[in-house]
Amino acid sequence: MPWRAAQARPSYNLYGVTGLIDMPTAESQPDAQIAFTSAWMGGQLRNTLNFQILPRIEGTFRYTIIDDYFTPGSALYDRSFDVKFRLLDEGKMTPAVALGFQDFLGTGVYSGEYIVATKHVTPALKLTGGVGWGRFAGANSVENPLGVVWEGGKDRESSEGQLGNTGNVRFGQFFRGEDMGFFGGLEWQTPIDGLSVKAELSSDNYSRDWRFSSNDVKTPINIGVEYRPWAGVELGAYAMYGSTFGLRATFTGNPATPLTPPDARSGPLPIAPRTPVAAPSIAARFGPVRELIDARPASAGPTPEGVVLEQASSGPRWAYVTVSEAEAQGGLCPTEAARRVDADLGVVDGVTFKSPSGAPLCTVVLRPAGREWIAAERRPLSGWDTGWHDDDAQVAASVEGALAALSAENLTVEGLSLGAEEITIDLVNDYFAADAQAVGRAAAALTRTLPPSVERFNITLIKGGAPAVTIALRRALIEDQAGEPDAARRSWLTADISDAAGPRPDPLPGKYPGFAWGLSPYVPLGLFDPDSPLRADLQMRAFAGVTLARGLSFNGQLSQRVLGNLGDSDRRSDSVLPHVRSDSYLYAQSDVPTIDRLTADYVFKLSPDTYGRLSGGLLEPMFAGVGAEVLWKPADQSWGLGADINWVNQRDYDQYFEMLDYNVVTGHASVYWDTGYYGLQAQVDAGRYLAGDWGATFSLSRTFANGWEVGAYFTLTDVPFDEYGEGSFDKGLRLTIPFDWALPYETNSRYT
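Just so it is clear, the model here is predicted, and its values are computed rather than measured.

Reading the values: the criteria
Residues numbered from 1 in each chain as written. Predicted model: local features only at pLDDT ≥ 70, side-chain atom pairs only at ≥ 80, totals over all residues. Heavy atoms only, no water. Helix = DSSP H or I, 4+ residues; strand = E, 2+ residues; numbered from the N terminus. Contact = heavy atoms within 4.5 Å. Areas by Shrake-Rupley, 256 points an atom, 1.4 Å probe, with all protein chains shown as cover. Patch = residues over 30% accessible without salt bridge, like charges linked within 9 Å, V, L, I, M, F, W, Y side chains within 5 Å. Salt bridge = Lys/Arg side-chain N within 4 Å of Asp/Glu carboxyl O. Expected span 1.5 Å × (residues − 1). Buried < 20%, exposed > 50% of the residue type's maximum accessible area, 1.4 Å probe, protein only. Arc of directions from axis to C-beta. Polar contact = N/O pair within 3.5 Å; in protein donor to acceptor, adjacent residues only side chain to side chain.

This brings us to the overall build of the protein chain. Helices and strands together make up the secondary structure of the protein chain, namely eleven helices and 37 strands. Contacts in the protein chain between residues far apart in sequence, at least 24 positions, make up 57% of those at least 6 positions apart. In the form shown here, the protein chain has an accessible surface area of approximately 35100 Å², with 61% of it arising from carbon and sulfur atoms.

Listed below in structure tokens is the structure:
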């Protein structure tokens, strides 16, 4: 995609944030945009991960190597976090305005706060101006006006005083300092496709960074050119501060926009509607049906009393109104009253008016979803011949046809029960990235193979060996969507989703014991070692599992390092705490196959909405033991509760069956919450950790329907910050990338 088609997306700067060259702008990336930037300037290498957390909030993690920071030849390896809030959108006459905090969580070497405004003068030219404190007040500065009205407003600890106390948010330093600096600049999109020019006035004087360097700030003016060969790639070159130069490469994409178009993959076979039989009248339920599907507002008048709103976990919103005896005897349908009910309740799909005796007077359909529901209700639930179900041969042939059709869609069936009017299936989705897609493929396949009398499809998804949710679909509603452009979404909206409960169908013959195995490459990473900030191995992993019965399995995984340097570190941890994770490099030094996992596992349900797990054996590369977990999470509820407890012993570094002399009982109580806001999911885990400390971990992540997940977490325990060591407390980022996002074929594999 050329630049002109992507010009709505602003560019990044040398810090890897939305900005000019070294300074920020008030612009934001498209929602959920994620970018990796590698930039070099004046002896500083900055590697940055930037994410547009929400439409107005931009978050950044940066790992920087600053040469000659302490003394000549002695570099600083620095981690920092930024956040920027867009306060005002750009208007016709007003600029966009943003508030930013740079390096608010880290050593403080780059720490600074700023307020910045950006305005387009023409579609191709935009101007930026801002004021800043801390790092942004080194040049073009005046006395900090906040120091006049704010006691202590001029007191700001230097970065040298913060290096030994990293990882804390220093709220007391925000907007403090002797000076306040001014910065600004412009960006011009040239007529040459993909090429832009930038110029800026920087307020950073690099006084500490370049103390032992030949670089110097001879001028605060920086200029540069940038080129976008493709929409997701930015390249930049800059003349910096009159004494050095800068280079930048940014690679960016959006989790909501796959690199490979979905239509490049093979689609499902079409739905096969049945030949309809005579439909029953629905007058006894709805009375005469009127349609008012338009955007006309409700007329003035009182809202009827006695309104009852009905809405299932899925399906239409329907209102029922009892009219007076006089209105019922008049026989007129109060259509305008239906609009007022809609306005009062906040969007309903239809209104049914009833007499005091409960008999339907009429029904007013207000939206297409209501029309479709009425049409579906007109379709009979029965009426087709069910005699085939008395013939075992026909039943067997129907089952065989259904299994073949599901297998052709790469779906695995654990159990199946076929009745004259419904089918119940235990389905395992180990192929499609989205479960809804797997269910849709299964339903479409069943319409092509089952006898016409089978109206209800009950599809239970099996997760980790346990039934999770049951999706009940009406065949008539699926058929109504055949050929419609938005058929998949509309069909899903008609589904009845509930916790998997009740008797399960018998397992298919020969299902147990079952055996599965696989072989795949894997690339584990080691990050932020000062001797080598990025380490990696290429491994081959072989895994196998034997399932003896529903939920009961034995599983194992072996790894063999092919090449890499993950275990080459010789920096032993000096932590006073038990080395439960800090000696991880010792587990990466083996040149022979290692046992990552060898366990017996039992997954089961205590109730329709409560899950349990028991595990024992070599649980992971570093620990062996036994553990139990329980989770309560109703399917139609946005939050859940969980608890786990484990007794574990640390494994020897060769990762076979020898153990080290350290064991501990660990466990947590957990709360999970799907906020329903931009895919944000929150989690709190409180309990005892592997080192024996007590505390809680707080996590927040944004998840996407295609499997992308971007999140962050931090842990606070009873270990004092000075005993914990560098960083003061545990914190980190989580990034999960589904292969399905980038590959031209279906897969539910992902890299975390």
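What follows concerns a nonpolar patch on the surface. The grouping of Trp 639, Leu 641, Val 671, Trp 673, Val 684, Phe 698, Phe 714, Leu 716 and Phe 721 at the surface amounts to a nonpolar patch, some 760 Å² of accessible area in total. The set of elements that each furnish at least two residues to the nonpolar patch consists of β31 (639–651), β32 (659–674) and β35 (709–717). Counting through the fold element by element, Leu 716 comes out in strand β35.

For the rest of this paragraph, the subject is helix α7 (residues 392–408). Between its terminal C-alpha atoms α7 stretches 24 Å, which fits the 24 Å expected from 17 residues at 1.5 Å a residue. Of all the positions in α7, only Val 395, Ser 398, Ala 402, Ala 405 and Leu 406 are classed as buried. All buried residues of α7 project into a common sector of 95° when viewed along the axis, lining one side. Of the exposed residues in α7, those oriented more than 90 degrees away from the buried face are Asp 392, Ala 393, Glu 400 and Ala 408. In this structure, the buried side of α7 is in contact with β19 (412–418), β20 (422–428) and α8 (435–449). Measuring from the side-chain oxygen of the N-cap residue of α7 to the backbone nitrogen of Ala 393 gives 2.9 Å; that N-cap residue is Asp 391. Positioned one or two residues after α7, Asn 410 has a phi angle of 60°, which is positive.

Within the element layout of this structure, Gln 437 appears in helix α8. Under the relative-accessibility criterion, Gln 437 is labelled partly exposed at 28%. Sequence separation between Gln 437 and Pro 268 is 169 residues; the distance between their C-alpha atoms is 9.9 Å. Apart from residues no more than four positions distant in its own chain, Gln 437 is found in contact with Phe 432 and Glu 746.

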